[in-house]
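Below, each chain spelled out in residue letters.
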Amino acid sequence: MAGTDQPRPERPPSVDRLARSLAHTGLPHPLLVDAARTAISAGDPDSAALIARSIKRRMLTPVINATGTILHTNLGRAPLAWQQDATYSNLELDLLSGERGSRMSTAPALIARACGAEAAMVVNNCAAAVMLTLAALAEGRGVAVSRGELVEIGGGFRIPEVLARSGATLVEVGTTNRTRAADFERAVANPDSDIGVVLQVHQSNYRIVGFTEAPTTSQLSDLGPPLVADIGSGLLDSRCPWLAGGPPGWLDNEPAARQTLEAGAALITFSGDKLFGGPQAGIIAGRADLVAKCSAHPLARALRPGSLVLGALQATTLAYLRGAGDEIPFWHMVSTPVESLRARASEYGVGQVVDTLATPGGGTLPGVEIPSIGVSIPGDHRRPLRELTRPIIARVVEQHTVVDLRTIDPADDHEVATALRDQL
Ligand SMILES: *Cc1c(COP(=O)(O)O)cnc(C)c1O
């Protein structure tokens, strides 16, 4: 900055001049003016460069996830390789007829095909999917939910609140630890409750263990009102036909889209960016007449995604249909053998190669740990690693900084190894 070898000006420098002196940061001038103003009004013009830097650091930027948490909520859940050129698309044009088409006949139709549903539609996220489904099917009526499934997912998604916002009335059934099909039958038989939907919610991010009981999807599927199953995590098919080695053991009892529909759910809802491995989105899939009801609800227009999200979902879904799980970063990362991680780690040529445990993350599969490999160096270096041009997000374990190779793209190995070496 100007002035280090000149006497300090008596009057504060002009905002404009100070802002211009920060042009090298690459920030647009109005933001530099903000930084200059803040610094000058704090009586410390020299701090403008630091303020400009913190403005820049608050912007969205690519980072290297070295935490071993595969769907890291702070790092955008599932990583995704998808770009859209500056071009038009047939978002709402039917190329066959030349007539106006529906954006729901593109990626959503493929998702329906991939999970065996009659129809599907896409909204902004799973919270929106649940809200829209309940509003479309049960506005002004009752929704029966087990007391053991009145969950809160991260970020303030609480089933009772979402339900209230959708204009439906919560009808609690059973107890926290034990709910039976007969409890639901009683609720449905009670005319005062006027049950419009039976709702099953997956306990994504916690487990109740011990003296527990919950009805199965098939037990709840023929009570009369449509059964909506919020499976949340978005596992498409429990057999994982897109993985050469079949389903990993840790998937265990995770509910899957195809099997939940086969068990009789009328509709399912799930996230696009958890185990599905796509962009942030919420998918509603199942019976065509009910999906049509959701599409026709006024909220649907407010919650609809654009071509960026639909394009990314289409690419992800085509990979599933091709059986190419390796092309979906989430599935590629979870199925990489430990031995190939170990081989990469030994190439780092820095620190110690250590055994670690990676986790699926993203509020899915609580307690699941996937054996992994890390590189460890003594001391807590998280801050300098975070301050790199491309930040590296690492963990500290017992006074050592550990980078976990399961979540690091092999193309980034050299960059991470160099950064670790620079810390020593
Ligand atoms: C994650 C989750 C949600 C919320 O999904 P978002 O896509 O983050 O809105 C809702 N229900 C269940 C069961 C979930 O696991």
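Residues numbered from 1 in each chain as written. Predicted model: local features only at pLDDT ≥ 70, side-chain atom pairs only at ≥ 80, totals over all residues. Heavy atoms only, no water.

Visitor: Can you break down the pattern of salt bridges residue by residue, with the values?
Guide: Opposite charge on two side chains permits them to pair, given that their charged atoms come into close proximity. Evaluated as defined, the whole model comprises 24 salt bridges. Put simply, Glu172 and Arg147 hold a salt bridge, and the shortest N to O gap is 2.7 Å. With Glu172 in strand 7 (residues 169-173) and Arg147 in the loop between strand 4 (142-146) and strand 5 (152-153), the pair connects residues that are 25 residues apart, well separated along the chain. A salt bridge links Arg180 to Glu213; the shortest N-O distance between them is 3.4 Å. Highlighted residues: Arg180 in the loop between strand 7 and helix 7 (181-189) and Glu213 in the loop between strand 8 (195-201) and helix 8 (217-220), separated in sequence by 33 residues. Three or more residues are tied together by salt bridges with common partners; here these are Glu92, Arg100, Arg103 and Arg304. (Salt bridge = Lys/Arg side-chain N within 4 Å of Asp/Glu carboxyl O. Helix = DSSP H or I, 4+ residues; strand = E, 2+ residues; numbered from the N terminus.)

Visitor: Any chance you could break down the sheet that holds strand 15 (residues 395-397) for me, citing the residues and the numbers?
Guide: The strands that make up a sheet are held in pairs by hydrogen bonds between backbone atoms, and each pair lies either parallel or antiparallel. With mixed pairing, five strands are arranged side by side in an open sheet as 2-12-13-16-15. Because the sheet does not close on itself, it has two edges, and the strands there are strand 2 (69-71) and strand 15. The mean angle between the axes of side-by-side strands here comes to 45 degrees, regardless of whether they run parallel or antiparallel. In this structure, strand 12 (residues 352-361) lies alongside strand 13 (residues 370-378), joined through seven bridges in antiparallel fashion. Each bridged residue has a counterpart across the sheet, and for Val354 the counterpart in strand 13 is Gly374. Lying on the sheet, helix 14 (residues 338-347) is in contact with strand 12 and strand 13; it crosses strand 13 at an angle near 15 degrees. (Pairing = 2+ DSSP bridges. Axes fitted to C-alpha atoms, helices over the stretch in contact; angles between N-to-C directions. Contact = heavy atoms within 4.5 Å.)

Visitor: Quick rundown of the packing of aromatic side chains? Include the residues and the values.
Guide: Under the defined criterion, the tally for this structure stands at five aromatic pairs. Their ring planes at 80 degrees and their centres at 5.0 Å tell us that Phe330 and Trp331 sit as a pair that is edge-to-face. Neither residue differs from the other here; Phe330 and Trp331 are each classed as buried. Taken together, the aromatic side chains of Trp242, Phe270, Phe276, Tyr320, Phe330 and Trp331 make up a single cluster linked through ring pairs. (Phe/Tyr/Trp six-rings, centres within 6.5 Å; stacked < 30°, edge-to-face > 60°. Buried < 20%, exposed > 50% of the residue type's maximum accessible area, 1.4 Å probe, protein only.)

Visitor: So, helix 10 (residues 288-296): which residues are in play, and what are the values?
Guide: Among the residues of helix 10, those classed as buried are Leu290, Val291 and Cys294. Looking straight down helix 10, one finds that the buried residues subtend no more than 100 degrees of arc, so they occupy a single side. For helix 10, the elements touching its buried residues are strand 3 (119-123), helix 5 (126-138), strand 10 (267-271), strand 11 (282-286) and helix 11 (298-303). (Arc of directions from axis to C-beta.)

Visitor: I'd love a proper account of the site of the ligand, names of residues and values included.
Guide: The ligand sits among Arg77, Asn125, Cys126, Ala127, Ile153, Phe157, His202, Ser204, Asp230, Gly232, Ser271 and Lys274. The separation between an oxygen atom of the ligand and a polar main-chain atom of Cys126 is 2.9 Å. At 2.6 Å, a side-chain N or O of Asp230 approaches a nitrogen atom of the ligand. Look at the ligand: alone it shows 390 Å² of surface, and the protein chains cover 94% of it. When contributions to the shell around the ligand are tallied by element, the ones reaching two or more residues are helix 5 and strand 9 (227-232). Its residues placed into classes, the shell around the ligand shows four nonpolar, five polar and three charged. (Near = heavy atom within 4 Å. Polar contact = N/O pair within 3.5 Å; in protein donor to acceptor, adjacent residues only side chain to side chain. Areas by Shrake-Rupley, 256 points an atom, 1.4 Å probe, with all protein chains shown as cover. Nonpolar A, V, L, I, M, F, W, Y, C, P; charged D, E, K, R; others polar.)

Visitor: Explain unusual backbone geometry to me, and be specific about the residues and the numbers.
Guide: Positioned with a positive phi, Glu398 is a non-glycine residue whose angle comes to about 50 degrees. Phi is positive for Gln399, close to 60 degrees, though the residue is something other than glycine. Relative to the assigned elements, Gln399 resides in the loop between strand 15 and strand 16 (400-404). Assessed through its relative accessible area of 66%, Gln399 is described here as exposed.

Visitor: Quick one: what's the story with the side chain of Arg258, residue by residue and with numbers?
Guide: Mapped onto the secondary structure, Arg258 falls in helix 9 (residues 257-262). The contacts of Arg258, once residues within four sequence positions are left out, are Arg113, Ala114, Cys115, Gly116, Leu236, Asp237 and Arg239.

Visitor: Talk me through the state of the cysteines; I want residue IDs and the actual numbers.
Guide: Under the definition given, this model contains zero disulfides. Cys294 carries a free sulfur, and the closest cysteine sulfur to it, the one in Cys126, is 12 Å from it. (Disulfide = S-S within 2.5 Å.)

Visitor: Outline the packing of helix 5 against helix 10, listing residues and values.
Guide: Axis angle and axis distance: for two packed helices, these are the angle between their axes and the distance between the axes, and together they describe the pair. Packing of helix 5 against helix 10 brings their axes to within 9 Å, and their N-to-C directions diverge by 100 degrees. Compared by their axis directions, helix 5 and helix 10 come out roughly perpendicular. Contact with helix 5, carried on its side by Leu132, Thr133, Ala136 and Leu137, involves Leu290, Lys293 and Cys294 of helix 10 and no other residues of that element. Residues belonging to the contact of helix 5 with helix 10 are distributed by class as follows: five nonpolar, one polar and one charged. (Parallel < 35°, antiparallel > 145°, perpendicular 65-115°, else oblique.)

Visitor: So what's going on with the domain arrangement of the protein chain? Which residues, and what values?
Guide: The assigned domain composition of the protein chain is domain 1 (15-57), domain 2 (64-79 + 336-422) and domain 3 (103-326). Taking only C-alpha atoms, the centre of domain 1 and the centre of domain 3 are 48 Å apart. (Domains from an automatic or database assignment.)

Visitor: Describe the environment of Gly282, and please don't skip the residues or the numbers.
Guide: On the secondary structure map, Gly282 appears in strand 11. Classification of Gly282 as buried rests on a relative accessible area of 0%. Taking the C-alpha atoms as reference points, Gly282 and Arg304, 22 residues apart in sequence, are found 9.7 Å from one another. Those residues in contact with Gly282 that sit more than four places away from it in its chain are Met121, Val122, Val123, Asn124, Asn125, Cys126, Ala129 and Phe270.

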